[in-house]
Each structure stands twice: as C-alpha cells, then as structure tokens.
Amino acid sequence: MTVSVEPTGGRAASARPAESGGQGATQELRPHAEDAFAAELAALAGQDDRPRPARWRLSPWAVATYLLGGTLPDGTVITPKYVGPRRIVEVAVTTLATDRALLLLGVPGTAKTWVSEHLAAAVSGDSTLLVQGTAGTPEEAIRYGWNYARLLAHGPSRDALVPSPVMRAMSEGMTARVEELTRIPADVQDTLITILSEKTLPIPELGEEVQAVRGFNLIATANDRDRGVNDLSSALRRRFNTVVLPLPESADAEVDIVARRVDQIGRSLDLPAAPDGIDEIRRVVTVFRELRDGVTTDGRTKVKSPSGTLSTAEAISVVTNGLALAAHFGDGVLRPGDVAAGILGAVVRDPAADAMVWQEYLEAVVRERDGWKDFYRACREVSA
Ligand SMILES: Nc1ncnc2c1ncn2[C@@H]1O[C@H](COP(=O)(O)OP(=O)(O)O)[C@@H](O)[C@H]1O
Ligand SMILES: [Mg+2]
C-alpha cells in the first residue's frame, strides 16, 4: 500500500516578513530565501512562459536567472545571488530536473549552502526541508522517527510516525536538502541509496512505503576538506551529479561578492551604509588571496599560507564586523583599524605556526607596500 504524508503546514504558520525582496528590514534575524526574495520570485513566476517541470514554481531558465540575476521584460531587476560561472548554475538547475540528485562540492566558503538554499527556494518555494549532516546524524533524520507517546499508547501507526524532511519532500514533490553529507557516518548515508535510486522509502513497521512523487529531488553539499572522513560510497555517488563550486577566479570577482553580501548583511543589521568601504574590502580580499595563493599579487614574493581557509565567506564576516565597529565606535567610515583585528583572527588559527606566518607577511609584504602604512600600523597594534 502506498500512503501519503500530510503536508505539515509548518511553513504556512510561520509569519511572512512585512517586506520582501531582500531589501527591507524584517523581523526574522535571517529570513529564508523564499521570504527574503519573495518579490523577485513572484515577478519571475509572473513573466516566466517557459515550460516548468512537474511541481516546479519556475522554469529552469527562470531558476538560473534568479540565481545569477538579470532584468525581466517589465524592468524588474533580479539581484544576483551567486557570482560565478553561468554554466555551473545551468548544470546544477538542469540536474534537479532529471532523476539524478545534485551534489555541490567545494572548499569551505564557496557558497555551497547558499546556492543550495536559493535553488530549493526557486524550484520548490521552500528551502526548509533540510537535514544537517553531522557525525551524529541518525538514520531517523533521513527516514522517519516516532512520536513515542503515541507509539506506546496506540502502537505503530501513521499517527505516531514523524516524517523526516526528506520523506516530506518525497511525498510532496519538493526539493530536500542534506548539508555536509560526508560528515554523516557511511552506513547512515547509505539510507539515501534506496531513496535516490528506487524513489521510495519503505516503512517496514507498517508494511507500507512512501513513494516519491514528481518534483522530488535532493541537493546535498559536501566539503572538499572533509574528504577521507566519510567518503561517499560509490553506490551513492552514482546517484548524484557533482558540481564543484570554485573559489572566485579573480580578485575583482571576489571584491564584488564581498561588497554585495556585506551590503545586504549590513542592511539587515541596520548598519548605516559606509561611503568608502570598497578600498578596505579590496585590501581584505588582497590579503586573503595572497595568503591563500602563497604568493603576492604581482607574483614577485612568495609567502607562507596559514592553516585556515581564508574563504570569501570569512572575508565577508571580517568586513561586516569592521563596519559594525566603524558604525558603533568610529565615524561610520571603514578604516584599517576596523578590519585589522578581524583579519588577524581569521589568519591566526594556530597560535604558534600561524602567528609566525602572519608576522612574516606583515613585515615582508604589508610594510613595504605603497599606501598601506595605516594598515600596517593597525595590524601591528592588534598583533602586539
Ligand atoms: N561566488 C559567490 N557568490 C555569492 N556569494 C558567495 C560566493 N562565494 C561565497 N559567497 C558568500 O559566502 C557566504 C558563505 O557561503 P556558504 O554557502 O556558507 O559556504 P559553504 O557552504 O560553501 O561553506 C554566503 O553568505 C555567500 O553569500
Ligand atoms: Mg556550508
């Protein structure tokens, strides 16, 4: 027998923010993508006349436009969410319309989680069917659990069953998300094999199954650095199309990403817009890239790399913290002193080895660079 799972209504119950489009201050500290960008999604849906796969809110073309940004025929501007190669987004979106699941792979801070959330929001209108992968993720988090009070009172029944986000996505034809798949123990990961290959989730206790309806698919993210912790079994890997999210290819691209995100986050924190922040953003990005690459931008000086990843995401948080410092304790203009401590915190993870790497970089590169005197002084102050 096949049974269906009741839509939970959990989302309907959560209040919509008063403003949308990602521009306004909302009550939620961090609204879901489908709420923050509700206006853009509605505009796309309204003008999208291309064919949509079963239960998709938008056509694949419109989903890609939502992620990459663009201007609609009526002039509505869609802000870019992901800044990177168009082809990557096209392959990712197309995969979701096939019977293969999508695996987003990359080093930390390459927007895997971010892209996964926005894809689910654009395709299914709901990014919340999410399983967070950890070393302790149990099978129930992927399959289903039981409400023990009901189980004890009435025995196993549909009423006592607590569906996982994946089960709900299957029965409602939605996009499920699994974060950090390779942190999940291998035997628990393998729960996904039947789901992804047979598109069914058996419930042996009830002699029933939940069959996925059209529109169901799954996006997993996995960290390159976790490789070797819990590798994907080859059986499971075959169910996925893998898309690797790269680090930003140029300094300009990375500055653009950081500036955009800092602006959005600053608004949501009600920070005043900073007038000349871009110079300081460029400096943070330059420092991060040089340390990451092990060589200065001009290719002349070799530098050692610290143990941390110094990802774009970390650059975003260094600049956001700097802006908050400038707003609350300065004159609102982002200055070297506002980012120095943040950079130091991101670079020096290991107090011994990384501190040495940083000192060397400071003396050999920062000190000698034209126009970096203030920054050098600010760094010396926080390093002391
Ligand atoms: N190429 C990019 N385009 C847009 N935003 C990016 C990009 N790379 C990083 N980010 C930003 O970095 C932040 C962290 O990304 P996240 O998805 O948490 O990284 P990951 O899951 O890969 O570790 C997000 O706020 C995202 O906006
Ligand atoms: Mg992530």
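Residues numbered from 1 in each chain as written. Chains lettered and ligands numbered in written order. Predicted model: local features only at pLDDT ≥ 70, side-chain atom pairs only at ≥ 80, totals over all residues.

By the naming in an unreviewed UniProt entry, the protein chain is ATPase, taken from Streptomyces spectabilis.

(A) Focus on the overall build of the protein chain. Scanning the protein chain for helices and strands turns up 18 helices and 11 strands. For 384 residues, the compact-globule estimate of 2.2 N^0.38 gives 21 Å, and the C-alpha radius of gyration of the protein chain, at 23 Å, lies within 12% of that figure. Each of the three principal axes of the protein chain carries a C-alpha extent, and together these read 75 × 50 × 40 Å. Scored against the burial criterion, the 384 residues of the protein chain give a buried share of 41%. (Helix = DSSP H or I, 4+ residues; strand = E, 2+ residues; numbered from the N terminus. Rg over C-alpha atoms; globule rule 2.2 N^0.38 Å. Buried ≥ 20, exposed ≤ 12 C-beta atoms within 10 Å, placed from the backbone.)

(B) Representation of the site of ligand 1. If you check the shell around ligand 1, you find 18 residues, and the closest are Ala-111, Lys-112, Thr-113, Trp-114 and Ala-313. Elements with a contribution of two residues or more to the shell around ligand 1: helix 6 (112-124), helix 13 (251-268) and helix 15 (312-329). Class assignment for the residues of the shell around ligand 1 results in 9 nonpolar, 7 polar and 2 charged. (Near = placed C-beta within 6 Å. Nonpolar A, V, L, I, M, F, W, Y, C, P; charged D, E, K, R; others polar.)

(C) Quick peek at the domain arrangement of the protein chain. Domain boundaries in the protein chain define domain 1 (10-244) and domain 2 (251-383). Inter-centroid distance (C-alpha atoms) of domain 1 to domain 2 is 33 Å. Of the residues in the side of domain 1 that touches domain 2, the class split is 4 nonpolar, 4 polar and no charged. (Domains from an automatic or database assignment.)

(D) Spotlight on the pairing of strand 9 (residues 208-211). Summarising the sheet, strand 8 (residues 200-203) and strand 9 pair through 4 bridges and their orientation is antiparallel. Bridged to Leu-201 within strand 9 is Val-210. The antiparallel pairing of strand 8 with strand 9 creates a hairpin that spans 4 residues between the two strands, and Gly-207 there sits at a positive phi of about 60°. (Pairing = 2+ DSSP bridges.)

(E) Structural context of helix 18 (residues 373-383). Every buried residue of helix 18 is accounted for by Phe-375, Ala-378 and Cys-379. Relative to the axis of helix 18, the buried residues are bounded by an arc of 100° and lie together on one face. In helix 18, the exposed positions angled more than 90 degrees off the buried face are occupied by Lys-373 and Glu-381. For helix 18, the secondary structure elements touched by its buried residues are helix 14 (277-293), helix 16 (336-347) and helix 17 (353-366). (Arc of directions from axis to C-beta. Contact = placed C-beta atoms within 7 Å.)

(F) Representation of the pairing of strand 7 (residues 175-179). In terms of residue burial, strand 7 counts as a mostly covered element, since 5 of its 5 residues are buried. Burial along strand 7 is two-sided: Thr-175, Arg-177 and Glu-179 and Ala-176 and Val-178, pointing in opposite directions, are all buried. As paired strands, strand 4 (residues 130-132) and strand 7 are joined by 3 bridges and run parallel to one another. By the bridge assignment for strand 7, Val-131 is matched with Val-178. Strand direction decides the pairing type here: strand 7 and strand 10 (residues 217-223), joined by 4 bridges, are parallel. Note on strand 10: the bridge partner recorded for Arg-177 is Ile-219.

(G) Representation of the sheet that holds strand 11 (residues 240-244). Spatially, the 5 strands line up as an open sheet ordered 4-7-10-3-11, and their pairing is parallel. In this open sheet, the two strands that pair with only one neighbour each are strand 4 and strand 11. On average, adjacent strands in this sheet sit at an angle of 20° to one another, irrespective of strand direction. Pairing geometry for strand 3 (residues 101-106) and strand 11, over 5 bridges, is parallel. Looking at the pairing, Leu-102 lines up with Asn-241 of strand 11. (Axes fitted to C-alpha atoms, helices over the stretch in contact; angles between N-to-C directions.)

(H) Fine view of the packing of helix 15 against helix 16. Helix 16 packs onto helix 15 with a crossing angle of 145° between their chain directions and a minimal axis gap of 8 Å. Classified by chirality, the crossing of helix 16 by helix 15 is right-handed. For the pair helix 15 and helix 16, the contacting residues are Glu-314, Val-318, Val-319, Asn-321, Gly-322, Leu-325 and Ala-326 in the first and Asp-338, Val-339, Gly-342, Ile-343 and Ala-346 in the second. Split by residue class, the contact of helix 15 with helix 16 holds 7 nonpolar, 3 polar and 2 charged. (Left-handed = near helix turned anticlockwise from the far one by under 90°.)

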